[in-house]
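Here is what each chain is made of, one letter per residue.
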Amino acid sequence: MRETLPFATNEVFIGGRWRAASGGQTLPLANPSDGSTLAEIARGSADDVDAAVAAAQAALAGDWGRLTAAERGRLLATMGRKVLEHVEELARLEALDVGKPLKQGRADAVALARYLEFYGGAADKVMGETIPYLNGYTALTWREPHGVTGHIVPWNYPMQIIGRSVGAALAMGNACVLKPAEEACLTALAFARIAEEAGFPAGALNVVPGLGEEAGAALTAHAGVQHLSFTGSVATGRLVQAAAARNTIPVTLELGGKSPQIVFADADLDAALPFLVNAGIQNAGQTCSAASRILVERAVFDEVVARMAQRYRALRVGPALADLDVGPLISARQHEIVSHYLALARDSGLQVAAQGEIVHDAPAGGWYVRPTLVAGVPDRHALAQEEIFGPVQVVIAFDGEAEALRIANGTAYGLVAGVWTRDGSRQLRMARALKCGQVFVNNYGAGGGVELPFGGVGASGHGREKGFEALYGFSALKTVAILHG
Ligand code: NDP
């Protein structure tokens with residue numbers, strides 16, 4: 001018998017109303033821990049997207065568009081408080097839907113609340129400028145919402161990614177249409193319920209679950225959308241950017257990475273060790289900013305591998321609600337992708353330094369893989385170049401700063417990097433020379449840091465979310481020059 005899930009529904013949320021998708025169709029949602037069907041969700045269509053965009057436009061022309069920045073901020077702050085009241089339910093939903101251990105679900109729910117608090121507080125603090133210009137003029141700038149913003153969210157961190165993109169967009173006064181991933185959308189639906197409870201005017205937020213190639217493609221192609229925010233794969237990101245180009249609208253793309261943590265011989269290894277491993281296995285490695293490459297200076301290479309291996313051997317993998325170190329992967333397809341890389345490691349004769357264990361009573365239908373540490377990987381090997389999106393870390397040896405940089409910057413991606421060294425000058429040299437959007441020195445925040453602008457370069461995408469910077473991305477600058485003599 002299926003358990004009752006708080007907030008779950010097989011409806012779309014458009015213009016403040018819950019209703020069936022226009023075609024009346026639904027999609028099954030799987031529980032990655034045992035492969036069972038968890039719930040049915042609406043299969044939103046292009047017609048539903050049309051209706052959602054129209055509802056968003058009506059909200060902008062109506063109650064939502066009339067609110068002051070302070071009033072929008074207050075709504076977001078209220079919503080943040082309500083999310084905190086529902087942390088346990090949200091964590092459980094995310095655990096069942098995504099397969100993440102409960103503690104990670106809790107952390108994600110608290111992060112969602114934090115995004116809402118942060119953007120609630122920031123909504124009325126976005127200032128324009130007055131600009132010294134010609135005699136007899138006053139020139140000034142202000143920031144306006146784009147209008148209708150489309151948000152396409154993946155399955156790995158639904159709450160956090162909704163918080164960072166929808167939270168910032170609402171703070172700036174946009175009206176949002178959200179298309180969550182077909183594989184995980186229960187917390188997106190919960191988000192809409194909580195927004196309703198908090199008192200957001202109808203149409204400020206609309207949620208259309210469905211398939212990427214249907215609802216997602218319809219949203220990206222829609223002529224009534226003025227900005228797109230996308231997090232997901234490089235291939236789909238390119239489709240989204242092409243669709244945005246056809247409508248000449250801005251797009252923020254966050255497309256994952258192959259992020260390195262670089263360990264120099266002078267690093268505090270005791271401090272580094274937990275960060276090295278956790279940033280690779282968090283959410284079963286299905287994290288855009290996972291530290292999937294560990295670069296280690298040769299003098300301490302054997303020691304670092306041995307200490308990481310010790311941690312790997314202690315890792316326990318099992319159902320999300322058992323709240324172990326690692327949960328299942330999201331889907332059979334993701335399991336296939338990760339298994340392919342593990343087979344490739346074996347076939348290439350790479351050294352598997354250690355693996356974690358799947359607990360004996362893990363349900364047979366779940367998509368479990370053993371977290372795997374592969375040492376001594378050549379830096380051009382596929383395992384060191386391609387995003388695996390699973391609990392697999394490669395360790396690569398280097399000699400000196402120049403080689404560390406060459407390897408670190410030697411993939412198509414550039415999202416996050418970590419540097420472990422006690423040498424202050426080197427910390428700054430490395431931070432400057434690394435080609436990526438975020439550098440952590442003597443720490444590493446996979447997915448963390450509501451306050452810290454986040455985004456990539458190269459194949460990792462462009463545009464920034466999180467922090468105050470996101471508010472600039474979710475608004476357009478207008479310059480006004482007044483001749484008054
Ligand atoms: P996708 O990029 O295909 O999915 C991300 C989002 O885009 C989902 O909401 C998806 O909807 C939607 N989408 C899919 N096709 C279209 C389309 N044509 N137009 C508009 N939206 C669309 O990623 P996958 O889930 O297929 O995962 C594949 C790989 O992507 C992973 O193995 C991983 O490497 C990477 N990935 C990276 C993430 C990151 O955080 N950067 C997050 C997730 C995946 P739907 O789910 O319904 O298809």
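Reading guide: rules and limits
- Residues numbered from 1 in each chain as written.
- Predicted model: local features only at pLDDT ≥ 70, side-chain atom pairs only at ≥ 80, totals over all residues.
- Heavy atoms only, no water.
- Pairing = 2+ DSSP bridges.
- Helix = DSSP H or I, 4+ residues; strand = E, 2+ residues; numbered from the N terminus.
- Near = heavy atom within 4 Å.
- Polar contact = N/O pair within 3.5 Å; in protein donor to acceptor, adjacent residues only side chain to side chain.
- 1 Å grid on protein atoms, 1.4 Å probe; cavity = no way out; pocket = protein on both sides within 12 Å on 5 of 7 lines; lining within 4 Å.
- Sits in = over half its atoms within 2 Å of the grid points.
- Nonpolar A, V, L, I, M, F, W, Y, C, P; charged D, E, K, R; others polar.
- Domains from an automatic or database assignment.
- Axes fitted to C-alpha atoms, helices over the stretch in contact; angles between N-to-C directions.
- Contact = heavy atoms within 4.5 Å.
- Disulfide = S-S within 2.5 Å.
- Buried < 20%, exposed > 50% of the residue type's maximum accessible area, 1.4 Å probe, protein only.
- Buried area = accessible area lost by both parts, 1.4 Å probe.
- Salt bridge = Lys/Arg side-chain N within 4 Å of Asp/Glu carboxyl O.
- Points joined across faces, edges and corners; volume = space filled by probe spheres on them.
- Right-handed = clockwise from strand over helix to strand, strands pointing away.

Chemist: How should the sheet that holds strand β22 (residues 475-483) be read in this particular structure?
Modeler: Think of a sheet as strands paired side by side through backbone hydrogen bonds, with each pair either parallel or antiparallel. Ordered in space as β5-β6-β22, the three strands form an open sheet in which the pairing is antiparallel. Edge positions in the open sheet fall to β5 (130-131) and β22, since each of these has one partner strand only. With nine bridges joining them, strand β6 (residues 137-145) and β22 adopt antiparallel strand pairing. From the neighbouring strand, Leu-140 faces β22, where its bridge partner is Val-480.

Chemist: In this structure, what is going on with the site of the ligand? I would like to understand it.
Modeler: Among the 30 residues in the neighbourhood of the ligand, the closest are listed as Trp-155, Lys-179, Glu-182, Ser-233 and Arg-333. Here an oxygen atom of the ligand sits 2.6 Å away from a polar atom, N or O, in the side chain of Trp-155. In the environment of the ligand, a nitrogen atom lies 3.3 Å from a nitrogen or oxygen atom belonging to the backbone of Gly-232. Applying the majority rule of atoms within 2 Å of the grid points places the ligand in the largest pocket. Per-element accounting of the shell around the ligand gives the leading share, four residues, to helix α8 (residues 212-221). Its residues placed into classes, the shell around the ligand shows 14 nonpolar, 11 polar and five charged. When we break the shell around the ligand down by domain, the ones giving at least three residues each are domain 1 (12-255 + 463-480) and domain 2 (260-449).

Chemist: When you look at the sheet that holds strand β19 (residues 416-420) in this model, what are you seeing that I'm missing?
Modeler: Sheet architecture is open: seven strands sit in the order β15-β17-β18-β13-β12-β19-β20, paired in mixed fashion. Edge strands, defined here as strands with exactly one partner in the open sheet, are β15 (351-355) and β20 (438-441). Recorded for the sheet is a direction-independent mean angle of 20° between the axes of neighbouring strands. Pairing of β15 with strand β17 (residues 372-375), which is carried by four bridges, proceeds in the antiparallel orientation. Within β17, the residue paired with Gln-355 across the bridge is Thr-372. Along the sheet, helix α10 (residues 269-281) makes contact with β12 (260-263), β13 (293-297), β18 (392-398) and β19, crossing β12 at roughly 160°.

Chemist: What's the story with the state of the cysteines in this structure? I'm lost.
Modeler: By definition, a disulfide links the sulfur atoms of two cysteines through a covalent bond. All chains considered together, the criterion is met by zero disulfides. Residue Cys-176 stays outside any disulfide, its sulfur separated by 17 Å from that of Cys-185, the closest cysteine. Taking relative accessible area as the criterion, Cys-176 reaches 0% and is therefore assigned buried. The closest cysteine sulfur to the non-disulfide-bonded Cys-436 is located on Cys-288, 13 Å from its own sulfur.

Chemist: Looking at this structure, how should I read unusual backbone geometry?
Modeler: Trans peptide bonds make up most of the peptide bonds, and negative phi angles are found at most residues other than glycine. We note that Ala-284 has phi near 55°; this positive angle belongs to a residue other than glycine. Along the chain, the position of Ala-284 falls in the loop between α10 and β13. A positive phi is found at Asp-323, a non-glycine position, where the angle reads about 55°. By secondary structure assignment, the location of Asp-323 is in the loop between β14 (316-317) and α12 (332-347).

Chemist: I tried to follow the domain arrangement of the protein chain on my own but got confused; where do I start?
Modeler: As far as domains go, the protein chain holds domain 1 (12-255 + 463-480) and domain 2 (260-449). Placing the centre of domain 1 and that of domain 2 at their C-alpha centroids yields a distance of 30 Å. Across the domain 1 to domain 2 interface the summed buried area is about 2,300 Å²; carbon plus sulfur atoms make up 55%. The interface formed by domain 1 and domain 2 contains one salt bridge. Among the salt bridges present, the one from Lys-103 reaches Asp-323, with a minimum N-O distance of 3.2 Å. On inspection of domain 1 and its partner domain 2, the count reaches 12 residue pairs in polar contact (both at pLDDT 80 or more). Broken down by element, the residue count for the side of domain 1 that touches domain 2 peaks at five residues, all from helix α4 (residues 87-98). Classifying every residue of the side of domain 1 that touches domain 2 gives 12 nonpolar, seven polar and 10 charged.

Chemist: Mind showing me how you'd approach the layout of surface pockets here?
Modeler: The gaps left among the atoms become clear once a water-sized probe is rolled over them. A volume near 950 Å³ is recorded for the largest pocket. At the level of secondary structure, the elements contributing two or more residues to the lining of the largest pocket comprise α8, β10 (227-231), α9 (234-246) and α12. If you count residues domain by domain, the lining of the largest pocket takes at least three from each of domain 1 (12-255 + 463-480) and domain 2 (260-449). If you add up the space inside the second largest pocket, you get close to 180 Å³. Lining the second largest pocket are 14 residues, and of these Pro-28, Ala-30, Glu-183, Ser-331 and Trp-367 lie nearest its centre. Going through the elements one at a time, β3 (26-30) and α12 are the ones with two or more residues in the lining of the second largest pocket. Counting residues per element, the lining of the second largest pocket draws most heavily on β3, which supplies four residues. Residues belonging to the lining of the second largest pocket are distributed by class as follows: nine nonpolar, one polar and four charged. If you count residues domain by domain, the lining of the second largest pocket takes at least three from each of domain 1 (12-255 + 463-480) and domain 2 (260-449).

Chemist: Would you take a moment to explain the pairing of β19 for this structure?
Modeler: Here β19 lies mainly inside the structure; five of its five residues are buried. Here β12 runs beside β19; their pairing, made up of three bridges, is parallel. Directly across from Ile-262, in β19, lies its bridge partner Val-419. Where β19 meets β20, four bridges bridge the pair, whose relative direction is parallel. Bridge pairing in β20 places Val-416 opposite Gln-438. With helix α15 (residues 424-433) bridging β19 and its parallel neighbour β20, the resulting β-α-β unit is right-handed.

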